Amino acid sequence: QVQLVESWGGLVQAGGSLRLSCAASGRTFSTYTMGWFRQAPGKEREFVAVISWSGGNTYYADSVKGRFTISRDNARKTVYLQMNSLKPEDTAVYYCAADLTGSWRPKTYDYWGQGTQVTVSS
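These numbers were taken from a predicted model, which means no experiment stands behind them.

Cut-offs and rules
Numbers given to residues run from 1 along each chain, matching the order in which its sequence is written. A pLDDT threshold of at least 70 governs which residues receive local features in this predicted model, and a stricter bar of 80 or more applies before side-chain atom pairs are shown or counted, although totals over entire chains, interfaces and linings include all residues. Hydrogen atoms and water are omitted, and side-chain values are computed over all heavy atoms in the structure. Secondary structure elements are taken from DSSP: a helix is a run of H or I of four residues or more, a strand is a run of E of two residues or more, and numbering for both begins at the N terminus. In this setup the radius of gyration rests on C-alpha atoms only. A globule is expected at 2.2 Å times the number of residues raised to 0.38. Throughout, exposure labels follow a simple rule: accessible area from a 1.4 Å probe, protein chains only, divided by the maximum for the residue type, with under 20% read as buried, over 50% as exposed, and the rest as partly exposed. Throughout, a residue-residue contact means that at least one pair of heavy atoms, one from each residue, lies within 4.5 Å. Per-residue and other accessible areas follow the Shrake-Rupley method at a 1.4 Å probe size, with only the shown protein chains counted as cover for residues. A residue counts as positive if it is Lys or Arg and as negative if it is Asp or Glu; His and the chain ends are not included. Just so you know, the charge point we use is NZ for Lys, CZ for Arg, CG for Asp and CD for Glu. We count a salt bridge whenever a side-chain nitrogen from Lys or Arg sits within 4 Å of a carboxyl oxygen from Asp or Glu. Two strands qualify as a pair provided that DSSP identifies no fewer than 2 bridges between them. Only the stretch in contact is used when a helix axis is fitted, and all axes are lines through C-alpha atoms; the angle between N-to-C directions ranges over 0 to 180 degrees. Residues are said to line a cavity or pocket when one of their atoms sits within 4 Å of a point; the points come from a 1 Å grid over protein atoms alone, cavities being sets where a 1.4 Å probe fits but cannot get out and pockets being open sets with protein on both sides within 12 Å along at least five of seven lines. Grid points are joined across faces, edges and corners, and a volume is the space filled by probe spheres set on the points. Basically, the charged four are Asp, Glu, Lys and Arg, the nonpolar ten are Ala, Val, Leu, Ile, Met, Phe, Trp, Tyr, Cys and Pro, and anything else, Gly included, counts as polar. Cysteine sulfur atoms are paired as a disulfide whenever they fall within 2.5 Å.

Trainee: Is there a simple way to think about the overall build of the chain in this case?
Mentor: If you tally the helices and strands in the chain, you get 0 helices and 11 strands. The N-to-C order of helical and strand elements in the chain reads β-β-β-β-β-β-β-β-β-β-β. Against the 2.2 N^0.38 benchmark of 14 Å for 122 residues, the chain shows a C-alpha radius of gyration of 13 Å, consistent with a compact globule. Overall size of the chain, expressed as C-alpha extent along the three principal axes, is 40 × 25 × 25 Å. Within the chain, the fraction of its 122 residues that count as buried is 44%. Taking as baseline every contact in the chain between residues at least 6 positions apart, the subset at least 24 positions apart corresponds to 57%. Surface exposure of the chain reaches about 6500 Å², of which carbon and sulfur atoms provide 47%. Positive and negative charge centroids in the chain, built from 13 and 9 side chains respectively, lie 5 Å apart.

Laid out in structure tokens, this is it:
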């Protein structure tokens, strides 16, 4: 069983920045592929970013490329999402997810966090 807890969402003005954290339980966090997703009101959940188990590979949705950065600290069992130049359309609940197989860009994830709200005002 793996628990994921997101934090540090909040309200920010357009153009501002936030850094989300996702703390994980589990003894083998360093072998998990970790992803960030978001869901805006009335919309389906969408992929944001993914990072490989080593941190050596990352991949982003086109909508956030160049503005968001995913990173991880395996010693702290934490994955981060640095969000810069935020836009009102980035407003959503942000979720982190873990793939225990360590597959690159997995189609499904095994565990999900409860989400953290990010609101960007114009």
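On we go.
Trainee: Can you help me understand the pattern of salt bridges in this one?
Mentor: Between side chains of opposite charge, a pair can form when the charged atoms approach closely. Scanning all chains against the criterion turns up 5 salt bridges. With a closest N to O distance of 2.6 Å, Arg38 and Glu46 form a salt bridge. With a closest N to O distance of 3.3 Å, Arg76 and Asp73 form a salt bridge. Judged by its relative accessible area of 24%, Asp73 is partly exposed. A single network of salt bridges, built from pairs that share partners, joins Arg38, Glu46, Arg67 and Asp90.

Trainee: Would you mind showing me how to read the sheet that holds strand E7 (residues 68-73) here?
Mentor: Paired through backbone hydrogen bonds, the strands of a sheet run either parallel or antiparallel to each other. Taking strand neighbours across the sheet as the criterion, the 4 strands line up as E1-E3-E8-E7 in an open arrangement whose pairing is antiparallel. With one partner strand each, in any of the chains shown, strand E1 (4-7) and E7 form the two edges of the open sheet. Each adjacent strand pair in this sheet contributes to an overall mean axis angle of 15°, direction not counted. Of the strand pairs in this sheet, E7 and strand E8 (residues 78-83) are connected by 6 bridges, and their pairing is antiparallel. When the sheet's bridge partners are listed, Arg72 is paired in E8 with Val79.

Trainee: What am I meant to see in the layout of surface pockets here?
Mentor: The gaps left among the atoms become clear once a water-sized probe is rolled over them. Roughly 150 Å³ of volume is contained in the largest pocket. Around the largest pocket, the lining residues are Arg38, Ala40, Lys43, Glu44, Glu46, Ser63, Arg67, Lys87, Glu89, Asp90, Thr91 and Ala92. Taken together, the residues that form the lining of the largest pocket break down as 2 nonpolar, 2 polar and 8 charged.

Trainee: Can you walk me through the state of the cysteines in this structure?
Mentor: Disulfides are covalent bonds that link the sulfur atoms of two cysteine residues. Summed over the entire model, instances satisfying the criterion amount to 1 disulfide. What pairs with Cys22 in a disulfide is Cys96, and their sulfur atoms sit 1.9 Å apart. Its torsion about the S-S bond being 50°, the disulfide of Cys22 and Cys96 is classed as right-handed. Highlighted residues: Cys22 in strand E3 (residues 18-24) and Cys96 in strand E9 (residues 92-99), separated in sequence by 74 residues. Just as Cys22 is buried, Cys96 falls in that class too.

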